Amino acid sequence: MKLYEHGVYLVNGTDLIEDTPQADEMLKAKAGVEISKQQAKAQTIAYHILEGHNTSGNMDKLQIKFDKLASHDITFVGIIQTARASGLEKFPIPYVLTNCHNSLCAVGGTINEDDHMFGLSCAKRYGGIYVPPHQAVIHQFAREMMAGGGKMILGSDSHTRYGALGTMAMGEGGPELVKQLLNQTYDINMPGVVGVYLTGKPQKGVGPQDIAIAIIKEVFANGYVKNKVMEFVGPGVANLSVDYRIGVDVMTTETTCLSSIWQTDSQVKEFYEIHGRAEDYKELKPGQAAYYDGMIELNLDTIEPMIAMPFHPSNAYTIAELNANLMDILDDCEKKAQVSFNGAVSLHLKDKVRNGKLYVDQGIIAGCAGGGFENICDAADILDGAGIGADEFTLSVYPASMPVYMELVRNGAAAKIMAAGGVMKTAFCGPCFGAGDTPANNGFSIRHSTRNFPNREGSKVQSGQIASVALMDARSIAATAANKGYLTSAADMDVNFTKPKYFFDQSIYEKRVFDSHGKADTSVQVKMGPNIKDWPAMPALTEHLVLKVVSEIHDPVTTTDELIPSGETSSYRSNPLGLAEFTLSRKDPAYVGRAKEVQKAEQAREAGGQPYEVLPELKDAVDVILQKFPDANEKNTGIGSTIFAVKPGDGSAREQAASCQKVLGGWANIANEYATKRYRSNLINWGMLPLLIAQGDLPFKNGDYLFLPNIRKAVEEKASDITAYAVKGSSMQEFSMSFGELTDDEREIILKGCLINFNSI
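Sequence order as written defines residue numbering, which begins from 1 separately in each chain. In keeping with the predicted nature of the model, local features appear solely for residues at pLDDT of at least 70, side-chain atom pairs appear and are counted solely at 80 or more, and the whole-chain, interface and lining totals rest on all residues. For the side-chain quantities, the full set of heavy atoms in the structure was used; hydrogens and water were omitted.

### Let's talk about the overall build of the chain
Note the following rule: In this description a helix means any DSSP run of H or I spanning at least four residues, a strand means any run of E spanning at least two, and both kinds are numbered starting from the N terminus. Only the C-alpha atoms count toward the radius of gyration. The rule for a globule is 2.2 Å times the residue count to the power 0.38. A contact between two residues is defined here by any heavy atoms of the two lying within 4.5 Å.
Secondary structure assignment for the chain yields 29 helices and 34 strands. Taking 2.2 N^0.38 as the reference for a compact globule, 761 residues should give roughly 27 Å; the C-alpha atoms of the chain span a radius of gyration of 26 Å, in line with that estimate. Each principal axis of the C-alpha atoms in the chain carries an extent, and together these give about 80 × 65 × 60 Å. Pairs at least 24 residues apart make up 75% of the contacts formed inside the chain by residues separated by at least 6 positions.

Right under this line is the structure:
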């Protein structure tokens, strides 16, 4: 795999010319015409799709309107509640509400099914589409029924990726979907476009997860594609089936790219025909000479079966490399766990080695990444006639939709898996976010799913528990299962892959999915279960701010799972106050109590009382502040909390990673860098300042008070930098922070306190 240091021209879809001083001459010789870099930038697939959806008239400052929206049952309640508070009357574009996360209805009594009934009633009232539990995971339904060539889809799930089908899709926090529901726009600068030039053909036993993990390993840490669009081109694309492309494409989220798109061909056309939507196919390919801001050149022949060890998809090795250096790599994972969990629990992966081989407790093939038809058929062929054994190892397989499941039953693949000792389960995202198949304490699971972050498999470090996940392709998971739990590469198996043809049975959806066909019925009353709560009132930004630092995180990257855990906490996402109790619970359990203490002082201030009576320590800090800023008082100075993290926001699109902090009185995040655009957008949409501070020694520590004078004026006047002060005993230390780029609307959202206020005040 090669990452180019400079931009690259792709000529005639086959020739790569790096942007060096000799490029113009070479370009003219290859293309036969003179073309400027700006003209060549407009010849990417991504540019054409973005241009077709941009309403600003300025391709540097995009204002995008999407064709369709998608959410699931731990995001759609909050989104619709926010939109309802802002005047929603009907869904202006197709909006699908799937139920693939809290499908089991296993936690909290009626609250999960209450959310589902809320979704069904909203689909009827506002004109949407409702997919009942166990019918399909969100992204599979979107592939089967919503994607279209040249279209754009916005989803409230970070793995909203349908590029292999010619659809540019993006995963964002709920407020960005609210904007679309209110006929507002998705505002971004024109993103860079990085080409992924594929040649060759995968070796036997190598699956899409192997390709994806190899790419993630190369580009995550260096930020090569961060907030950019990955565009898959080159002759190697034709050597991948559409199911295979989908499996690679969905994992591009783990590179931190903004979106993805692939060139399309007759195989993609056949996909649409199989799904009864031939009219949605569109041929997409780059122009004669397309310019890419970067290029990843990948010979598919060279990829071997891979494994991403705990605790990130980029912590990757070939399976052969792992087996050859087993104890060293396992020891390294154990040391990383000590850092990640601050020594609270200990990971003992080396205990999994038996007779020089790594024994695995569990295998899972599931969800939008692993639950595809070809993945499961290939796994069934490997398991045909085998047995997984009667020891700790278990195998569970979750087809991504009921139509896929039906075809696996009809062609016998499901029978092969069950005969080997595997368990077939329904379409469900639980294994991907910690709501299903949580291993035993110190268990080690291999999964063809999307993420393996700390505790994402469902263990609770605050209860002394630890388990871990490695990501692998379905084929090597099946090989491991056939070898009774001993880690095995699919490349080491002698198997005949039967590659059965897929037949899509749409009647399953016709009988179960509610589709309003865009017709709203205002006579339908929205069903509100007792756990479904409105968002609390959010105050507008005050002239000055006093902030207390209530958490300080120095991990290289902080995930949204660490900011607000997934798993059983997802059942409370319809209850902002209830969910907020879990904020940072696995990373900094003292956070909630500290934040609430500060919030009580702000609530006393807003009520016209004395904040010092509920937070006596505040008075000492304010006395120091008043020496330099005597005009600061209870009427013009807000009191709130903030956290510092080096690089927060990797992972999920969940808005609650930000909104929970705001619900608890948070008014800002301070970071050296934000891991993803979507987390920064979530902060802004919930009225929180996305502050940046230069790397180096911090001028404050956890528990310190900060003063941000004239902060409202700085936002109003579009200042890029602000002067802040850290209270140090009887004095203050001055330091500088910045906002990063903010649009006019984003500034107004922050000034008014949140997106709801922006739309309703």
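Resuming the write-up.
### As for unusual backbone geometry
Selection rule: For the exposure calls, accessible area comes from a 1.4 Å probe over protein chains only, and a residue counts as buried if that area is under 20% of its type's maximum, exposed if over 50%, partly exposed in between.
Cis geometry is adopted by the peptide bond preceding phenylalanine 311, which originates at proline 310 and carries an omega value of 10°. Among the secondary structure elements, phenylalanine 311 is positioned in the loop between strand E16 (306–308) and strand E17 (316–318). Phi angles above zero are rare outside glycine, and asparagine 455 is one such case at about 65°. Inspection of the secondary structure puts asparagine 455 in the loop between strand E23 (444–448) and strand E24 (468–471). At leucine 584, a position not held by glycine, the phi torsion is positive, near 55°. According to the relative accessible area criterion, leucine 584 is buried, its value standing at 1%.

### Observations regarding helix H25 (residues 656–663)
One turn of the α-helix equals 3.6 residues, which is why residues spaced by three or four share an orientation. With eight of its eight residues buried, H25 lies for the most part within the structure. When H25 is considered as a whole, its buried residues turn out to be Gln656, Ala657, Ala658, Ser659, Cys660, Gln661, Lys662 and Val663. Looking at the packing, one finds that the buried side of H25 touches helix H20 (560–563), helix H21 (576–580), helix H22 (591–606), strand E28 (637–645), strand E30 (666–671) and helix H26 (677–685). Of the residues trailing H25, glycine 665 is marked for its positive phi of about 95°.

### A look at the packing of aromatic side chains
Test applied: The rule is short: rings of Phe, Tyr and Trp, with Trp giving its six-membered ring, pair when the centres are within 6.5 Å, and they are stacked under 30 degrees, edge-to-face over 60, tilted in between.
Taken as a whole, this structure holds 19 aromatic pairs when the rule is applied. Each ring, one from tyrosine 359 and one from tyrosine 486, has its centre 5.2 Å from the other, and the planes form 70°; the classification is edge-to-face. With tyrosine 359 in the loop between strand E19 (357–358) and strand E20 (362–365) and tyrosine 486 in the loop between helix H18 (474–482) and helix H19 (507–512), this residue pair connects regions lying 127 residues apart in the sequence. Here tyrosine 359 falls in the buried class, since its relative accessible area comes to 2%. For tyrosine 486, a relative accessible area of 22% translates into the label partly exposed. When the centroid spacing of 5.6 Å and the interplanar angle of 35° are considered together, the rings of tyrosine 572 and phenylalanine 582 count as tilted. Of this pair, tyrosine 572 sits in the loop between H20 and H21 while phenylalanine 582 sits in the loop between H21 and H22, placing them ten residues apart in sequence. When its relative accessible area of 26% is taken as the criterion, tyrosine 572 is described as partly exposed.

### Description of the sheet that holds strand E6 (residues 95–98)
How we decide: For two strands to be treated as a pair, DSSP must find no fewer than two bridges joining them.
Strand order in the open sheet formed by six strands is E9-E8-E5-E6-E7-E25, with mixed pairing between adjacent strands. Each edge of the open sheet carries a strand with a single partner, namely strand E9 (168–171) and strand E25 (514–515). Pairing of strand E7 (residues 129–131) with E25, which is carried by two bridges, proceeds in the antiparallel orientation. Pairing of isoleucine 129 across the sheet is with aspartate 515, part of E25.

### Considerations on the side chain of arginine 573
Here is the rule: Residues scored as positive are Lys and Arg, those scored as negative are Asp and Glu, and His as well as the terminal groups of each chain are ignored. What counts as a salt bridge is simple: a side-chain nitrogen of Lys or Arg found within 4 Å of a carboxyl oxygen of Asp or Glu.
Looking at the secondary structure, you find arginine 573 in the loop between H20 and H21. Buried charged residue arginine 573 carries no salt bridge. Nearest counter-charge: aspartate 561, at 6.9 Å. Not counting residues within four places of it along the chain, the set of residues in contact with arginine 573 comprises Ile74, Thr75, Ser566, Leu579, Arg654 and Gln656.

### Here we look at the pattern of salt bridges
Scanning all chains against the criterion turns up 37 salt bridges. Where glutamate 334 meets lysine 350, a salt bridge forms, and the shortest distance between an N and an O atom there is 2.4 Å. Taken as a pair, glutamate 334 in helix H12 (residues 326–340) and lysine 350 in the loop between H12 and strand E18 (353–354) lie far apart in primary sequence, 16 residues in all. Owing to a relative accessible area of 25%, lysine 350 belongs among the partly exposed residues under this scheme. Across the salt bridge formed by aspartate 623 and lysine 619, the nearest N and O atoms sit 3.2 Å from each other. In this pair, aspartate 623 and lysine 619 are both assigned in helix H24 (residues 617–628), four residues apart and thus about one turn of the helix distant. Here aspartate 623 falls in the partly exposed class, since its relative accessible area comes to 34%. Each member of the salt-bridge network shares a partner with another, and the members are Asp331, Glu334, Lys335 and Lys350.

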